[in-house]
Structures are given as structure tokens and as C-alpha cells.
2 protein chains.
Amino acid sequence: MDVRRRGRGRRPAAEVRDDILTAAGKLLIDEGMAAFTIERVALEAGASKTTIYKWWRSKGALALDGYFHAVESTLAFPDTGDIEADLSSQVRAFVHLLTETPAGRVIAELAGQAQTDPDLATALRERYTVPRRRLAVEVMERARSRGQLRGDVDFEVVVDQLWGACYHRLLLPAEPLNDQFAVELVRNVLRGIRA
Amino acid sequence: MDVRRRGRGRRPAAEVRDDILTAAGKLLIDEGMAAFTIERVALEAGASKTTIYKWWRSKGALALDGYFHAVESTLAFPDTGDIEADLSSQVRAFVHLLTETPAGRVIAELAGQAQTDPDLATALRERYTVPRRRLAVEVMERARSRGQLRGDVDFEVVVDQLWGACYHRLLLPAEPLNDQFAVELVRNVLRGIRA
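If you check an unreviewed UniProt entry, chain A appears there as AcrR family transcriptional regulator from Amycolatopsis thermophila.

Listed below in C-alpha cells is the structure:
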């Protein structure tokens, strides 16, 4: 009997929560949204459905948190003091995640399903879109306070110019979504917003 | 008996085709993708299902052509010789279409469903995304030949910066998609690409 099983039922809540998120992220990445159920996550995480429903009010909310748990470290936003390098690193890492890992298919499916699933749409907005936007805007505001970006630019619009452009190539594919695209995109955008 | 009914079966193909597209577009706009079936379109257009299947290999292809038929005139790309005014008019008209008419919900549903429906994805790419991108790139190439846009910019990337940014606010909503957004977006983008 391993330590984990012996301790079941008395594991700290934070550990159980982390196991659930890890299981949810892995299930999504491995098998996609079609295979994603609370039952499967409960089974894989060794947690009860009751516990999961205590923390997540819906499958969509759990899926979003699991997705974000899986990709969060990859999407970390560098803030080295050089906004041009930082935006470039972040957008290139994001494009790499979308194209070179199963995460691209997963977020495309989640965003797709959210168009007709109001509950998933709310989870996507609250747990992913809004916090990710906020992070990017904060990084750009710090760059403005260092004098690197123009004073009259609405950074919320720049978020759509950068990451929205990447989502556009992911969700309405036509031209390649790759590193060269990321580099040219950041270059065009920066030329319009640098101080 | 009206002229139309009397003539049924001998109507010119172009007229039948136009009736089918009009009926398809109207059904989509009025009731959305959930209610969209070949049967309903056949009924509304007074055409046979066989005729429809002769021209469209799938429901998705018909939906896309019907959608585009309904919105095409609104999305016409002006080419007055002033690229700044033309991009601004087109993006503002596009945002208006997405937000002030049912077309926004329809294209969001179509794009959403395309994430898990390869047939619809192909129809969306071939019948909507690729031709729309081509139009925009051609307008920008003409502006470059007039000396209005930089020589070293990849206009395919600019397409994603402009229309991709709008789709981002439509499909992953957080900040408002409105005329002010369109105006600031075009201003930021132009500052980075004008000659």
C-alpha cells in the first residue's frame, strides 16, 4: 500500500485540488473535450465526484481550470524590462504551444464549444480570457511607465492585435501559424505602439 | 397561379441557385445553425433536396455560401484610393455587422462548430476565410503600389491583426466589440504599416 492510498481521505485539500487539476488537464490534452467527463476526472484523480462538484460548478469550469493548470508555466509572461523582447518571447511561446503541442486543439475545441454553451463561455471568460488579458495589459503598462510604449495607446486593443491574431490563424485557419508569423506580427504591432 | 409556380421545373439554374442561397442565408440568420437543415432550405426555396445536393456537397458548404450571400454586400471592400479611409470603413462595417445584426452569432456558431467538424472547417476556409483574406490583401497591395503602405510588410499578417482582432473579441469575449474598438484598432495597425 503506497503512502498516497493510505492517506486517502485525509489528504490536504490543496493536494487533492492539485491532483484533480492535473488529471483534468491531462485528460483534456490526451483525449480532447469529447472524452472529458467529471466521472473520468474523478477516477483519474482518485477523488470523489462530490469533492469535484464542491469546487467546480460545471464540467466547463473544471475543463478550463485543468487546461490552464496544464499550460500555465508555458504561458508565463516574462517581464525583463525590455518590452520588445518580452512580447516577442511570450507570443512565440504561445504560438509554439498552439502548434507544437495538443494544447492548440484543446483550446480551439473549448473556444468552439463555448459559442453554443453559455456555461462554458462564462468559464472561459472568467478563468482564462480575462486573467490572461489582464496579465498582458499589466506588462505593457509597466513598459509605458518606463517610457517604452506610447501614452495614447489602449493596451486592451493591442491584446487583440497580438493574441487575437494568433487565435485567428488557429480558429479560422488559412495561412500558417508558425514562428515566422509570430515574429512578423510582433514587429508590425510594436512599430505602431512603441514610444 | 403565380408566374413562379407556373414556371417551376423550368426556372433558369441561376435563379434557382439564388433562391436556395437566399433561403439558406435567411434561415441561418433567423434561426441559427441548430435549425439549419437541407430539408428546411429545400422547403423554403421551393427546390428539391436533389438539386441542392447537386451543387453543395454538404450542409456546411450550403450554410457558408448562404451566410456569405446574406452578408456579401455589407462586407464589400471599398477601394477609393485612400487606404486609411478604406480599411477604416471596412473594419467598422464588419464590426457593425458582427454586433448589430444576427450575423455575428451565426459566424460565431459556424466558426465554433468548425473546430470539431472537419467538413464545415473545409467549407469555412474555402468559401469564406480564403476569399475574404485575398480581397483584403489585394486592396493593401494596390495601396502599396500607390506608395501608401510599407514595402516590407506581409499583408497576410495585417489581415490577422485587423479582422483577427475583431474575431477575437467576438469568439473570446471580454472587452467590448464596438465602433470605438474598430477605430483604435485601425489607427494602431496603420501606424505600424504606413509608408
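Turning to the relation of the copies chain A and chain B, a few remarks are in order. Comparison of the two chain copies shows a relationship of rotation about an axis with a shift along it. Mapping chain A onto chain B calls for a rotation angle of 180° and an axial translation of 0.0 Å; the resulting RMSD is 0.0 Å. In the structure described here, the two chain copies are related by an operation that fits a two-fold rotation axis. The fraction of interface residues of chain A whose copies in chain B are also interface residues reaches 100%, indicating that both copies meet through the same surface.

Turning our attention to the environment of Arg169(B). Residues and elements named next belong to chain B. Counting through the fold element by element, Arg-169 comes out in helix α9 (residues 155–171). Since its relative accessible area comes to 5%, Arg-169 is described here as buried. With 24 residues separating them along the chain, Arg-169 and Ile-193 place their C-alpha atoms 22 Å apart.

The subject of this paragraph is the interface of chain A and chain B. Taken residue by residue, the interface counts 39 residues in chain A and 40 residues in chain B. Both faces considered, chain A and chain B share a buried interface measuring about 3500 Å² in area, 58% of it formed by carbon and sulfur atoms. Linking chain A to chain B there are 4 salt bridges. Where chain A touches chain B, the interface holds 16 residue pairs in polar contact (both at pLDDT 80 or more). Sorting the residues of the side of chain A that touches chain B by element identifies α7 (103–114), α8 (118–145), α9 (155–171) and α10 (179–193) of chain A as the ones contributing at least two each. At 12 residues, the largest contribution of residues to the side of chain A that touches chain B is made by α9(A). Counted by class, the side of chain A that touches chain B contains 17 nonpolar, 9 polar and 13 charged residues.

This next bit is on the domain arrangement of chain A. All names here are of chain A. With domains assigned, chain A is organised as domain 1 (3–69) and domain 2 (73–193). Put simply, the middle of domain 1 and the middle of domain 2, counted by C-alpha atoms, are 27 Å apart. On the domain 2 side, the residues contacting the 16 residues of domain 1 number 18 residues. Interface area, domain 1 with domain 2, both sides summed: about 1500 Å², of which 63% is carbon and sulfur. Together, Leu-64, Tyr-67 and Phe-68 form the three largest contributors to the area buried by domain 1 at its contact with domain 2, with a combined 42%. Where domain 1 meets domain 2, there are 2 salt bridges. Here Glu-126 ties to Arg-57 by a salt bridge, and the two come within 3.9 Å at their closest N and O atoms. The tally of links from domain 1 across to domain 2 stands at 4 residue pairs in polar contact (both at pLDDT 80 or more). Elements that contribute at least two residues to the side of domain 1 that touches domain 2 include exactly α2 (13–31) and α5 (59–71). The element that contributes the greatest number of residues to the side of domain 1 that touches domain 2 is α5, accounting for 7 residues. Looking at the side of domain 1 that touches domain 2 residue by residue, the classes come out as 10 nonpolar, 3 polar and 3 charged.

About the criteria used
- Residues numbered from 1 in each chain as written.
- Chains lettered and ligands numbered in written order.
- Predicted model: local features only at pLDDT ≥ 70, side-chain atom pairs only at ≥ 80, totals over all residues.
- Heavy atoms only, no water.
- Least-squares fit on C-alpha atoms with pLDDT ≥ 70 in both.
- Contact = heavy atoms within 4.5 Å.
- Helix = DSSP H or I, 4+ residues; strand = E, 2+ residues; numbered from the N terminus.
- Buried < 20%, exposed > 50% of the residue type's maximum accessible area, 1.4 Å probe, protein only.
- Buried area = accessible area lost by both parts, 1.4 Å probe.
- Salt bridge = Lys/Arg side-chain N within 4 Å of Asp/Glu carboxyl O.
- Polar contact = N/O pair within 3.5 Å; in protein donor to acceptor, adjacent residues only side chain to side chain.
- Nonpolar A, V, L, I, M, F, W, Y, C, P; charged D, E, K, R; others polar.
- Domains from an automatic or database assignment.

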